[in-house]
Amino acid sequence: MVRHFRRDDDITPAEQQHIIDLAIAMKADPYSHKPLAGPKSVALFFDKPSTRTRVSFSVGVADLGGNPLIIHAGESQLGEKESIADTARVLDRMVAAIVWRTFLQTDIDEMADHSNVPVINSLSNSFHPCQLLADLISIHEHKGSLNGLTVAFVGDGSSNMANSYLLAGAMSGMHVRVATPSAYQPLADARATATRIASETGGSVLVTDDVAEAVSGADIVVTDTWISMGQESEKERRITDFAGYGVTADVMSRAHAQALFLHCLPAYRGYEVDADVIDGPQSIVWDQAENRLHAQKALLHFLLTAS
């Protein structure tokens, strides 16, 4: 049966750990796995601008022996003259996998529902599961394991990153805390599902408006931009709403002394994070960015060989 990666819980906790282990092995031996030898092609759709996602998937597909076929918004009939379902039916006869960076999660789901090759959500407004794999790999590299660690996400709790941290963190057995204003809550489904998963993996879930409560003793502190793509018109209101939710040196001092700082980038210093934090010794954002490559190679290998 074809496997897709639409959101973080499309895989099991054991499969998540397998992908992490495989990514670390691929990082040490980058050209050891060639599931796309031929070369087979992978369709990479970009409805939103991209740096890390485009480069990491393009290089990753090539490293796996394949051909990255990049298609930007407006360069195909997708969603305009041709339905998502029909696009899936056409593509799955020509490519080995479909990767889509877009807006609506429902569009990702529709593509997957009609595709006979793996569909990967490389970012939607609701979830960012590929980024979470990279984050978990980065944490694993620096901490040695994931189970039992406490991760505090500070900022926009309604963001795709917060939703994915709830799911992926709970799957890895971490204690996930989200500090966010009451008006910016995570998706109810993501929170409920994460709570259920955490009860099975030994993790836990906490959503609070108290930054100090979230970061106290945390092993990892994470944030993301307050103004995501498509929210530019809300910039002034969001800056006001998130006052007090920036990751400063004082916030980091409340975490564990050896706490790591992560940010999926791009970062806006002076807003969601101060320069002395993201550019400081606790930051692993550059490892995190590099690990997008290794995470996505391992994910593609897993999906292609599992299908």
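Preceding block: the structure.
Attention here is on the structure that accompanies the text. Quick caveat: nothing in here was measured; it's all calculated off a predicted structure.

1. Digging into the sheet that holds strand E5 (residues 150-154)
Spatially, E7-E6-E5-E8-E9 is the arrangement adopted by the 5 strands of the open sheet, whose pairing is parallel. Of all strands in the sheet, those with a lone pairing partner are strand E7 (204-208) and strand E9 (260-263), marking the two edges. Pairs of neighbouring strands in the sheet enclose a mean axial angle of 20°, with direction left out of account. As defined by bridge partners, E5 adjoins strand E8 (residues 220-223) across 3 bridges and the pair is classed as parallel. In the sheet register, Ala152 faces E8, and the bridge partner there is Val221. Each of E8 and E9 is contacted by helix H5 (residues 129-143), which is oriented at about 165° to E9, the strand it contacts most.

2. Here we look at the pairing of strand E2 (residues 67-72)
Where strand E1 (residues 41-46) and E2 come together, 6 bridges link them in parallel fashion. By the bridge assignment, Phe46 is partnered in E2 with His72. Traced from E1 through helix H2 (residues 52-63) to E2, the parallel crossover comes out right-handed.

3. Looking at the environment of Gln231
As for its placement among the helices and strands, Gln231 is situated in the loop between E8 and helix H9 (235-241). The spacing of Gln231 and Ser204 is 27 residues in sequence and 30 Å in space, taken between C-alpha atoms. Not counting chain neighbours up to four residues away, the residues in contact with Gln231 comprise Trp226 and Arg238.

4. Topic: the packing of H5 against helix H6 (residues 160-171)
At a minimum axis separation of 9 Å, H5 and H6 run at an interaxial angle of 55°. Taken together, the axis directions place H5 and H6 in an arrangement best described as oblique. In this structure, the crossing between H5 and H6 has a hand that is right-handed. Between H5 and H6, the residues in contact are Pro129, Gln131, Leu132, Asp135, Leu136 and Ile139 and Met161, Ser164, Tyr165 and Ala168, respectively. Class assignment of the residues belonging to the contact of H5 with H6 gives a composition of 7 nonpolar, 2 polar and 1 charged.

What counts, and at which threshold
- Residues numbered from 1 in each chain as written.
- Predicted model: local features only at pLDDT ≥ 70, side-chain atom pairs only at ≥ 80, totals over all residues.
- Heavy atoms only, no water.
- Pairing = 2+ DSSP bridges.
- Helix = DSSP H or I, 4+ residues; strand = E, 2+ residues; numbered from the N terminus.
- Axes fitted to C-alpha atoms, helices over the stretch in contact; angles between N-to-C directions.
- Contact = heavy atoms within 4.5 Å.
- Right-handed = clockwise from strand over helix to strand, strands pointing away.
- Parallel < 35°, antiparallel > 145°, perpendicular 65-115°, else oblique.
- Left-handed = near helix turned anticlockwise from the far one by under 90°.
- Nonpolar A, V, L, I, M, F, W, Y, C, P; charged D, E, K, R; others polar.

Keep in mind that these numbers describe shape and distance, not what the molecule does.
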